[in-house]
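A look at the structure
Chain by chain, the residues:
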Amino acid sequence: MIRRLLLLPGFLAAACATAPAPPAPAPAPVPGVDRPAPVPPTGPAGEPGPGPRPLPAGAVSLSALPGWEREDHAAALQAYAAGCRPAADPLCEAGRAMAAQAPSPTLAKGWFEANFAAVEARTPDGEPGRLTSYFAPEYPARRFPDAEFSAPVLPPPPGWRRGDTGPTRAEIEALPAPQALAFMRAEDLFFMQIQGSGYLTFEDGTRARAAYAADNGQRFVGIATPMAERGLLPRDGTSGEAIRGWLAANRGDRAAEVMALNPRYIWFRMDPDDGGHPAGAAGVPLTARRSIAVDPAHWTYGTPVWIEADAGNLVGARSGYSGLVMALDTGSAIRGPVRADFYMGRGDAAGDEAGTVRHPLRMWRIVGR
């Protein structure tokens, strides 16, 4: 917990008999930053002025959100300041100034409540949406292929343009491989293509980031349900860890046949590893456990969102996820107004947890008052 230090003004005693100079006036407070809420103006002769700003139509106060009182409001403010966009959000600059002061959770909570309200997003049928999760995987890789590291990390075909539709996964893998950027285990490459990017460590210890460059335009198809239907995994045991384990144990033609059920294929480019988190579609580095991928047809990047998701149905799932997150990314499987992919972070621990997330979801758009 980070608290701002409050400095008390001191006075220097003068050695001479003259009266001390009056203290310098305190700097004027910045509205919405130095205090949680603006002071309501007064009318003539000190009469009370207008009350608090009304809520937007259809909105509720943030205090009405499920789990709001349990939120880490100081951490939420830092995530908001990192992901908001001044051009689309008039409160962004004030939020960044507030966050720069590292306020206490109480002050951050008051600032949010004074300046924002919440409007719930709805599915067409009124049913809950769905929360899944993704992460930035870290994998071993090789510069040359061998029996274990045989799957090539490929760049886009020459002249490929966004929106083009090309061969399926199985057809691409059957073609002669062009010059590869790296080589990975087949199941690791498959999962990195689902996540959209990943961090690679080569045998000499050097590291790089494989970043999304293009896709083949084919529809994404999850393999969890088909694997359960074929009896390869139990229906409540299709977590990411379980799927990866099965693919590794059946590496070769059998695993390739299952992975080919998803015709979508991702091509990559190789970037340096800066030690941070990858940038989302908004061009902003993601914050672990504070960023989501959304459908840009229904959401604007940089929008603060409240999520409430519980009752996950996968083995090993946590009971739920609740809090303020920023809409900073998208994904081929993220479609609809109440659909989000929760960015869990980097590495194996984040990946293990991300693979257990499949929760009913409610979402609220956080809007300025």
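Before any of the text, the structure's been laid out above.
My aim in this report is to walk through the structure given alongside it, one point at a time. Only a predicted model underlies this, so the values are computations on that prediction, with no experimental measurement involved.

**Considering the environment of R85**
Summarising the element assignment, R85 is placed in the loop between helix 1 (73–83) and helix 2 (92–100). Along the chain, R85 and T300 lie 215 residues apart, while their C-alpha atoms are 10.0 Å from each other. Sequence-distant contacts of R85, that is, excluding residues within four places in its chain, are made with C92, Y301 and G302.

**A few points about the packing of helix 5 (residues 186–195) against helix 7 (residues 240–249)**
At a minimum axis separation of 9 Å, helix 5 and helix 7 run at an interaxial angle of 145°. Here E187, D188, F190 and F191 of helix 5 come into contact with helix 7, specifically with G240, I243, R244, L247 and A248. Tallied by class, residues from the contact of helix 5 with helix 7 come to 5 nonpolar, 1 polar and 3 charged.

**Description of helix 3 (residues 105–115)**
Inspection of helix 3 places P105, A108, G110, W111, F112, A114 and N115 among the buried residues, and these make up the whole buried set. Next to the buried residues of helix 3 lie helix 1, helix 2, strand 2 (116–120), strand 12 (320–329) and strand 14 (359–368).

**A closer look at the packing of helix 1 against helix 3**
Viewed as axis vectors pointing N to C, helix 1 and helix 3 meet at an angle of 60°, and their least axial separation amounts to 7 Å. In terms of axis orientation, helix 1 runs oblique to helix 3. Note that helix 1 runs across helix 3; the crossing there is left-handed. Mapping the contact onto sequence places H73, A74, A76, L77 and Y80 in helix 1 and P105, A108, K109, W111 and F112 in helix 3.

**As for the nonpolar core**
If you look at the biggest cluster of nonpolar residues, it comprises 48 residues, and the most contacted ones within it are M192, L200, L247, I292 and M363. The element best represented in this core is helix 5, accounting for 4 residues. With sequence-adjacent residues up to four places away left out, L200 is seen in contact with Y139, A141, A182, M184, M192, T206, R207, A208, A210 and M270. Ranked by size, the runner-up nonpolar core spans 33 residues in total, among them L62, Y80, F116 and L328.

**Re the pattern of salt bridges**
Under the definition given, this model contains 18 salt bridges. Here R230 makes a salt bridge to E257, at a shortest N to O gap of 3.9 Å. Linking R230 in the loop between helix 6 (224–229) and helix 7 with E257 in helix 8 (residues 253–259), this pair joins segments that are 27 residues apart in sequence. Via salt bridges that share partners, E138, R207, D273 and R346 belong to a single interconnected network.

The rules behind each value
Residues numbered from 1 in each chain as written. Predicted model: local features only at pLDDT ≥ 70, side-chain atom pairs only at ≥ 80, totals over all residues. Heavy atoms only, no water. Helix = DSSP H or I, 4+ residues; strand = E, 2+ residues; numbered from the N terminus. Contact = heavy atoms within 4.5 Å. Axes fitted to C-alpha atoms, helices over the stretch in contact; angles between N-to-C directions. Nonpolar A, V, L, I, M, F, W, Y, C, P; charged D, E, K, R; others polar. Buried < 20%, exposed > 50% of the residue type's maximum accessible area, 1.4 Å probe, protein only. Parallel < 35°, antiparallel > 145°, perpendicular 65-115°, else oblique. Left-handed = near helix turned anticlockwise from the far one by under 90°. Core = buried A, V, L, I, M, F, W, Y, C linked by side-chain atoms within 4.5 Å. Salt bridge = Lys/Arg side-chain N within 4 Å of Asp/Glu carboxyl O.

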